[in-house]
Amino acid sequence: MENIESLYCNYQQIVKLIGKQNIELAYKTVYQSFIEFKEELKLNEKIEIDTRLLMHAICDSFADIARLKDFHSIINENGIKTLSYRCSWLLRRKPIIVKDSSLEELVYINEKFIHSIITSYILDDNFNIDIKDSSIKPFISYCDTLLYYLKYRSCTPQVLEMIILSFQAGKLYGRIPQPESEDSTEK
């Protein structure tokens, strides 16, 4: 019988199943997002990423998706599910390290990084949304709530998937003409 350490720390089967190139691509994508994140926030000298923890998060997310696909006989997972599992594992592994522990404002830097990944996804995923003045307050509220959940709630992949899907539903809701209220109709 295999011991628990070899079961969870050995990614050889995942590499064989997913492919080294796919794992490297996912790693490079997240790593590049981190570089852009720290440059945009001007945190180059204040934070770094633990590449070992990042690779574990990537492999763990692929392992979870592989188990999910096997259990439910799924051939191809959707992008939201992949993103949700990846972000969930990034939250668990917390690969971003603050170089100076006295910087209180960076306590939730991993959560802010995940927040940036999710908001980038929902805004760039071919939805072509136009955030107008009237819709900016609900969008900011959505983003604030997302960050709150990332900081203080248990963010399973399923919760993250539902958060992303709810944003899509909200965009759809905004496109459907709403019936006039009874108060506004002429009598």
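Residues numbered from 1 in each chain as written. Predicted model: local features only at pLDDT ≥ 70, side-chain atom pairs only at ≥ 80, totals over all residues. Heavy atoms only, no water.

**Remarks on the overall build of the chain**
Scanning the chain for helices and strands turns up 8 helices and 2 strands. Listed N to C, the secondary structure of the chain is α-α-α-β-α-α-β-α-α-α in terms of helices and strands. Expressed as a percentage of the 187 residues in the chain, the buried residues total 36%. Here the contacts in the chain between residues at least 6 apart in sequence split such that 76% fall between residues at least 24 apart. When the accessible surface of the chain is summed, it comes to about 12,600 Å², and 52% of that surface belongs to carbon and sulfur atoms. (Helix = DSSP H or I, 4+ residues; strand = E, 2+ residues; numbered from the N terminus. Buried < 20%, exposed > 50% of the residue type's maximum accessible area, 1.4 Å probe, protein only. Contact = heavy atoms within 4.5 Å. Areas by Shrake-Rupley, 256 points an atom, 1.4 Å probe, with all protein chains shown as cover.)

**Focus: a nonpolar patch on the surface**
Nonpolar side chains collect at one region of the surface, where Y148, Y149 and Y152 lie side by side and expose about 300 Å² of accessible area between them. Tracing the chain through its elements places Y152 in helix 7 (residues 133-152). Judged by relative accessible area, Y152 falls into the partly exposed class, the value being 45%. (Patch = residues over 30% accessible without salt bridge, like charges linked within 9 Å, V, L, I, M, F, W, Y side chains within 5 Å. Salt bridge = Lys/Arg side-chain N within 4 Å of Asp/Glu carboxyl O.)

**A short note on the side chain of D64**
Looking at the secondary structure, you find D64 in helix 4 (residues 51-72). Judged by its relative accessible area of 15%, D64 is buried.

**Digging into the nonpolar core**
Ranked by size, the top nonpolar core spans 44 residues in total, and within it I47, F113, I114, I118 and L160 carry the most contacts. For this core, the secondary-structure elements that each account for two or more residues are helix 3 (20-40), strand 1 (47-49), helix 4, helix 5 (79-93), helix 6 (109-124), helix 7 and helix 8 (157-175). Look past the residues within four positions of I47 in its chain and what remains in contact with it is F34, F37, K38, I96, I97, V98, K99, L106 and I109. (Core = buried A, V, L, I, M, F, W, Y, C linked by side-chain atoms within 4.5 Å.)

**Brief notes about the environment of C143**
Tracing the sequence through the fold places C143 in helix 7. C-alpha separation for the pair C143 and I118, spaced 25 residues apart in sequence, amounts to 9.6 Å.

**Some points on the packing of aromatic side chains**
If you walk through the whole model with that rule in mind, you get 9 aromatic pairs. Summarising the aromatic geometry, the rings of F139 and F167 are spaced 5.9 Å apart at their centres and angled 70° between planes, so their arrangement reads as edge-to-face. Of this pair, F139 sits in helix 7 while F167 is found in helix 8, placing the two residues 28 residues apart along the sequence. You'll find F139 and F167 in the same group, each marked buried. Feature note: the residues Y27, Y31, F34, F37 and F113 constitute an aromatic cluster, connected by ring pairs. Lying across the ring of W89, R92 places its NZ or CZ 4.2 Å from the centre. The aromatic ring of Y149 is capped on one face by R153, whose charged end is 6.0 Å from the ring centroid. (Phe/Tyr/Trp six-rings, centres within 6.5 Å; stacked < 30°, edge-to-face > 60°. Lys NZ or Arg CZ within 6 Å of the ring centre and 35° of its normal.)

**Observations concerning unusual backbone geometry**
Positive phi, close to 55°, is recorded for S73, a residue that is not glycine. Structurally, S73 is set in the loop between helix 4 and helix 5. Positive phi outside glycine occurs at K94, with the angle close to 45°. Looking at the element boundaries, K94 is found in the loop between helix 5 and strand 2 (96-98). Exposure remark for K94: the relative accessible area of 36% places this residue in the partly exposed category.

That's the geometry; what it means functionally is another story.
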